[in-house]
Amino acid sequence: MKVNIEESWKGILQDEFDKAYFEKITEFVKSEINAGKTIYPPGKLIFNAFEKTPFYKLKVVMLGQDPYHGTGQAHGLCFSVQRGIKPPPSLINIYKEIQNDLGISPPNHGCLEKWAEQGVFMLNSILTVRANEAASHSKAGWETFTDAVIRKISENKSSVVFLLWGNFARSKKVLIDTQKHFILEAAHPSPLAGNAFLGCKHFSKTNELLEKQGLSPIKWDLKD
């Protein structure tokens, strides 16, 4: 698996790409493809979160678990789907909370690239999945890599806002220096969490924290 990754990430992550575990991830994904399995997201989009949010622009981290496994959904940004694809239930709840929190009505699509381009790094802990099989690549070794990514963000930046939604994302708190960064925790946006996510006001809180650091707030409105 050739890693085409945005230039400012290369110096941060090159030592991870050179490690034996990363070669094993590469071999695993290749073996899946060679066995005729359909893998999401498509190869060129596996590292899309890194492409869309250069390291030097990163100011918010949104953590997900693994990619959507339906046709045409995943494109390398957690919670986001490609244009033309119906927004999944978790994303619908995210849009509801933005409307409740900021009065911004939902867009007619589920693509979150506008957030990524403003510095919201939307990272899944597992970067690939087999079509129609949720968590099918959970043992591939991706978490070793993405845990290292979170640590390196924590070590090399300051005043980043980490959005940890649900128990899985919250488990990553141990990788973050809480003396240097801000952590906002809430239930997962999935309706399966009993809609406990609604009311967290993380979108206004994120912007308040950014503005206190002299940084520009995120424009959460995704309408064209």
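A short tour of the structure in this document, coming up.

Reading the values: rules and limits
Every residue gets a number counted from 1 within its own chain, in the order that chain's sequence is written. Whole-chain, interface and lining totals are the exception, using all residues; otherwise, since this is a predicted model, local features are given only for residues with pLDDT of at least 70 and side-chain atom pairs are given and counted only at 80 or more. No hydrogens and no water enter the side-chain calculation; it runs on all heavy atoms of the structure. Every helix listed is a DSSP run of H or I at least four residues long, and every strand listed is a run of E at least two residues long, numbered separately from the N terminus. Radius of gyration means the value over C-alpha atoms here, while the globule rule gives 2.2 Å times the residue count to the 0.38 power. Each residue's exposure class comes from its accessible area (1.4 Å probe, protein chains only) as a fraction of the maximum for that residue type: buried when under 20%, exposed when over 50%, partly exposed otherwise. In what follows, a contact means two residues having at least one pair of non-hydrogen atoms within 4.5 Å. For every accessible area listed, the method is Shrake-Rupley and the probe measures 1.4 Å; residues are considered covered only by the protein chains on display. By the counting rule applied here, Lys and Arg register as positive and Asp and Glu as negative, while His and the ends of each chain are not counted. The atoms used to mark charge sites are NZ of Lys, CZ of Arg, CG of Asp and CD of Glu. The term polar contact refers here to a pair of N or O atoms within 3.5 Å; inside protein, the definition further demands a hydrogen-donor-capable atom paired with an acceptor-capable atom, and it admits residues adjacent in sequence only when both atoms are side-chain atoms. Any carboxyl oxygen of Asp or Glu within 4 Å of a side-chain nitrogen of Lys or Arg constitutes a salt bridge here. We define the nonpolar core as a collection of buried residues of types Ala, Val, Leu, Ile, Met, Phe, Trp, Tyr and Cys that are connected through side-chain atoms lying within 4.5 Å of one another. The axes used here are C-alpha line fits, helices contributing only the stretch in contact, and every angle between their N-to-C directions lies in the interval 0 to 180 degrees. Basically, the charged four are Asp, Glu, Lys and Arg, the nonpolar ten are Ala, Val, Leu, Ile, Met, Phe, Trp, Tyr, Cys and Pro, and anything else, Gly included, counts as polar. Side-chain rings of Phe, Tyr and Trp, where Trp is taken by its six-membered ring, are said to pair if the distance between their centres is within 6.5 Å; with planes under 30 degrees apart they count as stacked, over 60 as edge-to-face, and otherwise as tilted. Counted as over-ring charges are cases with an Arg CZ or a Lys NZ within 6 Å of the ring centre that also lie within 35 degrees of the ring normal.

**Focus on the overall build of the protein chain**
Of the regular secondary structure elements, the protein chain holds eight helices and six strands. Counted from the first residue to the last, the protein chain has its helices and strands arranged as α-α-β-α-β-α-α-β-β-α-β-α-β-α. Taking 2.2 N^0.38 as the reference for a compact globule, 224 residues should give roughly 17 Å; the C-alpha atoms of the protein chain span a radius of gyration of 17 Å, in line with that estimate. Per-residue burial over the protein chain gives 53% buried out of 224 residues. Within the protein chain, counting contacts between residues at least 6 apart in sequence, those at least 24 apart form 69% of the total. For the protein chain, the exposed surface amounts to about 10,200 Å²; the carbon and sulfur share of it is 49%. Charge separation in the protein chain, taken as the distance between the mean sites of 28 positive and 24 negative side-chain charges, equals 3 Å.

**Topic: the environment of Asn 156**
Among the secondary structure elements, Asn 156 is positioned in helix H6 (residues 142–156). Every residue in contact with Asn 156, bar those within four places of it in the chain, is listed here: Ile 12, Phe 55 and Lys 180. A distance of 2.8 Å separates a polar side-chain atom of Asn 156 from the backbone oxygen of Lys 152.

**Looking at the pattern of salt bridges**
Inspection of every chain in the model, using the stated rule, returns eleven salt bridges. The partner of Asp 147 in a salt bridge is Lys 172, with the nearest N and O atoms 2.8 Å apart. Pair noted here: Asp 147 is in helix H6 and Lys 172 is in the loop between helix H7 (166–170) and strand S6 (182–186), with a separation of 25 residues, a long-range link. A single burial state applies to Asp 147 and to Lys 172, both of which are buried. Connected through shared salt-bridge partners, Glu 32, Arg 130 and Glu 133 make up one network.

**Digging into the nonpolar core**
Counting 67 residues, the largest nonpolar core has Phe 50, Trp 115, Trp 142 and Phe 145 as its most contacted members. Not counting chain neighbours up to four residues away, the residues in contact with Phe 50 comprise Ile 5, Glu 6, Trp 9, Leu 13, Phe 121, Leu 123, Leu 127, Phe 145 and Val 149.

**Here we look at the packing of helix H4 (residues 89–102) against helix H8 (residues 202–212)**
Across the interface, H4 lies against H8 with an axial gap of 8 Å and an inter-helix angle of 65°. Of the residues in H8, those in contact with Ile 94, Glu 97, Ile 98, Asp 101 and Leu 102 of H4 are His 202, Phe 203 and Ser 204. Looking at the contact of H4 with H8 residue by residue, the classes come out as four nonpolar, two polar and two charged.

**Looking at the environment of His 181**
Secondary-structure assignment places His 181 in the loop between H7 and S6. As a C-alpha pair, His 181 and Ile 153 span 28 residues in sequence and 9.9 Å in three-dimensional space. Those residues in contact with His 181 that lie beyond four places of it in its chain are Ile 153, Ser 154, Lys 157, Ser 158, Ser 159, Val 160, Phe 162 and Ile 176. Polar side-chain contacts of His 181 include one of 3.3 Å to the backbone oxygen of Lys 157. Of note is the side chain of His 181, whose polar atom sits 3.2 Å from the backbone nitrogen of Val 160.

**Side note on the packing of aromatic side chains**
On inspection of all chains with the given rule, the structure shows 21 aromatic pairs. Both rings, one in Phe 47 and one in Phe 145, keep their centres 6.1 Å apart while their planes meet at 85°; by these two values the pair is edge-to-face. Of the two residues, Phe 47 is situated in the loop between strand S1 (39–40) and helix H3 (48–52) and Phe 145 in helix H6; the sequence distance between them amounts to 98 residues. Classification of Phe 47 as buried rests on a relative accessible area of 4%. Assessed through its relative accessible area of 0%, Phe 145 is described here as buried. By the ring-pair criterion, three or more aromatic residues cluster together here, those being Trp 9, Phe 17, Tyr 21, Phe 22, Phe 47, Phe 50, Phe 55, Phe 121, Trp 142 and Phe 145. Above the face of the Phe 55 ring, Lys 157 is positioned so that its terminal group lies 4.8 Å from the ring centre.

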